[in-house]
Amino acid sequence: MQDKAFHEEKTHGKTAFPYTVYKGDIPRFISSFPLHWHDETELIYVTEGTGVITVQSSKYEVTCGDIIVIPSQTVHAIERKGDFCMKYFNVLFALSVLDGTDDICHKKFFEPLYRNELVFDYFVRRDSELNLLITPHLCRLIDNRQDLLHDGELLIKSELYAILHHLIAFAKPNAQFNNVDAGNYDKLKKVLLYIREHYGEQITVHTAADICAYSCSHFMKIFKQMTGQSFTEYLVNYRLDAAANSLTLTTDRIIDVAYGCGFGNLSYFSRAFLRKYGVTPSDYRKKAIKT
C-alpha cells in the first residue's frame, strides 16, 4: 500500500478523461495515507465516522458531511482519529477535463487557477453555505459513479463545472502563498520522496537537510512550519504506518517487519506502535485478519 504515498504518478481515470471516484475506509482499507500529492484536484467527502485530514500544514478534524478541497500539487494526508473509523469518497479530476479551449472561461477562470492566484478554503464544513451548494453535485457524482463510467462524460463535466463555479465564487486572492513558500514545498516533496524510497534505512536530520540544501536547524524549522509536525515525528509515524500495512498484508515475523521499516530496536517499535494504534503489533495483526 505504501506505493500510493507521496507523488501519485498513476493516471486517475482514463488518460483522455482524467477523472475518477474512489471509496475510502480507514482503517479497514488502509491504516492511513501519509503526506503525498498528485497532479489532480481532489474533493474528499466524508460519509461516516471521524478522521483527521492534513492539507499543507493545517490539520482538520472531519466528520460526516464535511468536505475537504485539495488543489493540484498540494501536499496532504489522511489518518484516523484515535479509535474512530472513517468512510469517505475521493473525487479526483484534472482541470484539463474542463479546460479544453482557449475561450473566455480559460482566461477568466482557469488561468488564475494555474497561476495559483486564487486560494480555496480547504475545509468546507457540513453546515456552511458553500457545502450546501456543492454537496448535491458531489453526491450525484458519487451516487452515479458506476453508471457515469459509460458515456457519462458530459454529465460528469456538468457537475464538475457547477462545483468549480461555486468554489471560485468563494475563493480569495492568494496573497499569502509566494515564491519562497513554493520553493520550500518543492524541496519538502523531495524529502518525502526520499523517505518513501529509504524509510527502511537509517535517515538522519542531516541527510534530509542536505537534500534541501538547508542547515539542520533551518530544515527542522521549515519542515515543522510546512507539515505541522517535526521531521522525527513524521519519520516515525511513516514507519509505523508502513509497519501496520505490512502486518496486515504479509505473514512476516514482527521482528522482521520492525527492522524492515527502519526500527533498529524491537522494544522501541512495540512501545511506539502501542502508543499510536492502542494495541500491540501482534494484536493489530490478529484484528486485521478477523476483519
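Predicted, not measured: the structure shown is a model, and the values here were computed from it. Each chain carries its own residue numbering, running from 1 in the written order of its sequence. Totals for whole chains, interfaces and linings use every residue, but because this is a predicted model, local features are given only for residues with pLDDT of at least 70 and side-chain atom pairs only at 80 or more, for both listing and counting. Computation of side-chain values: all heavy atoms of the structure, hydrogens and water removed.

> Would you mind showing me how to read the overall build of the protein chain here?
Strands here mean DSSP runs of E at least two residues long; helices mean DSSP runs of H or I at least four residues long; both are numbered from the N terminus. In terms of regular secondary structure, the protein chain is built from ten helices and eleven strands. For 291 residues, the compact-globule estimate of 2.2 N^0.38 gives 19 Å, and the C-alpha radius of gyration of the protein chain, at 20 Å, lies within 12% of that figure. Taking the principal axes of the C-alpha coordinates as reference, the protein chain spans close to 60 × 45 × 35 Å. Burial here depends on accessible area, computed with a 1.4 Å probe over protein chains only, as a share of the maximum for the residue type. Under 20% is buried, over 50% is exposed, and the range in between is partly exposed. When each of the 291 residues of the protein chain is scored for burial, the buried share is 47%. The contact criterion used is simple: two residues touch if any of their non-hydrogen atoms lie within 4.5 Å. Looking at the protein chain alone, contacts between residues at least 24 apart form 72% of all its contacts between residues at least 6 apart. Here the accessible surface of atoms and residues is derived via Shrake-Rupley with a 1.4 Å probe, and residues count as covered only by protein chains that are part of the display. Of the roughly 15000 Å² of accessible surface on the protein chain, a fraction of 53% belongs to carbon and sulfur atoms. The charge count includes Lys and Arg as positive and Asp and Glu as negative, but it does not include His or the ends of the chains. Charge positions come from single atoms, namely NZ of Lys, CZ of Arg, CG of Asp or CD of Glu. Across the protein chain, the centroid of the 33 positively charged side chains sits 6 Å from that of the 35 negatively charged ones. Radius of gyration means the value over C-alpha atoms here, while the globule rule gives 2.2 Å times the residue count to the 0.38 power.

> Would you take a moment to explain the packing of aromatic side chains for this structure?
Between two aromatic rings, the relevant description is the distance of the centres plus the angle of the planes. Aromatic contacts are taken between Phe, Tyr and Trp rings whose centres are within 6.5 Å, Trp giving its six-membered ring; a plane angle under 30 degrees counts as stacked, one over 60 as edge-to-face, and the others as tilted. Enumeration over the complete set of coordinates arrives at 15 aromatic pairs. Measuring from ring centre to ring centre gives 5.7 Å for Phe269 and Phe273, while their planes differ by 55 degrees; the resulting arrangement is tilted. Here Phe269 pairs with Phe273, and both are found in helix H9 (residues 266–277), just four residues apart, close to one helical turn. Residue Phe269 is classed as buried on the basis of its relative accessible area, which comes to 0%. With a relative accessible area of 0%, Phe273 lands in the buried category.

> Mind showing me how you'd approach the environment of Phe223 here?
Within the element layout of this structure, Phe223 appears in helix H6 (residues 216–227). When neighbours within four sequence positions are excluded, Phe223 is seen to be in contact with Leu188, Gly228, Gln229, Ser230, Phe231 and Tyr234.

> Would you mind going over the side chain of His76 with me for this structure?
Mapped onto the secondary structure, His76 falls in strand S7 (residues 76–80). Side-chain polar atoms of His76 contact the side chain of Glu42, separated by 3.1 Å. The contact partners of His76, leaving out residues within four places of it in the chain, are Pro34, Leu35, His36, Trp37, His38, Glu42, Thr54, Val55 and Ile70. Polar contacts, as counted here, are pairs of nitrogen or oxygen atoms within 3.5 Å of one another; within protein the pair requires one atom able to donate a hydrogen and one able to accept it, and residues that are adjacent in sequence qualify only if both atoms are side-chain atoms.

> Mind showing me how you'd approach unusual backbone geometry here?
The bulk of non-glycine residues show a negative phi, and the bulk of peptide bonds are trans. Omega for the peptide link from Ile26 to Pro27 comes to 5 degrees, which places this bond in the cis form. Unusually for a residue other than glycine, Gln56 sits at a positive phi of about 55 degrees. Its location among the elements puts Gln56 in the loop between strand S4 (41–55) and strand S5 (58–63). Taking the relative accessible area as the measure of exposure, Gln56 reaches 11% and is therefore buried. Residues other than glycine seldom take positive phi values, yet Ala213 does so here, at roughly 60 degrees.

> Teacher, can you tell me more about helix H1 (residues 104–114) here?
Each turn of an α-helix holds 3.6 residues, which means side chains three or four residues apart point in the same direction. Of the positions making up H1, those classed as buried are His106, Phe110, Pro112 and Leu113. Against strand S9 (118–119) and helix H3 (153–170) lie the buried residues of H1. Of the residues one or two after H1, Asn116 is the one with positive phi, at around 65 degrees.

> What's the story with the pattern of salt bridges in this structure? I'm lost.
Only one rule defines a salt bridge in this text: a Lys or Arg side-chain nitrogen within 4 Å of an Asp or Glu carboxyl oxygen. Here the structure, examined in full by the defined rule, presents seven salt bridges. Lys87 is the partner of Glu48 in a salt bridge, and the nearest nitrogen-oxygen pair spans 4.0 Å. Here Glu48, found in strand S4, pairs with Lys87, found in strand S8 (residues 86–93); they are 39 residues apart in sequence, far enough to count as distant. A salt bridge links Glu159 to Arg140; the shortest N-O distance between them is 2.8 Å. Here the residue Glu159 occupies a position in helix H3, and Arg140 occupies one in helix H2 (residues 129–143), the gap between them amounting to 19 residues. Under the relative-accessibility criterion, Glu159 is labelled buried at 14%. Taking the relative accessible area as the measure of exposure, Arg140 reaches 37% and is therefore partly exposed.

> Looking at this model, I keep getting lost on the state of the cysteines. Mind explaining?
Defined simply, a disulfide is a covalent bond joining two cysteines at their sulfur atoms. Two cysteine sulfur atoms make up a disulfide if the distance between them is within 2.5 Å. One pass over the structure, following the stated rule, counts zero disulfides. Left unpaired, Cys64 is separated from the closest cysteine sulfur, that of Cys139, by 9.5 Å. For Cys64, a relative accessible area of 40% gives the class partly exposed.

Remember that the coordinates give geometry; whether it matters functionally is a separate question.
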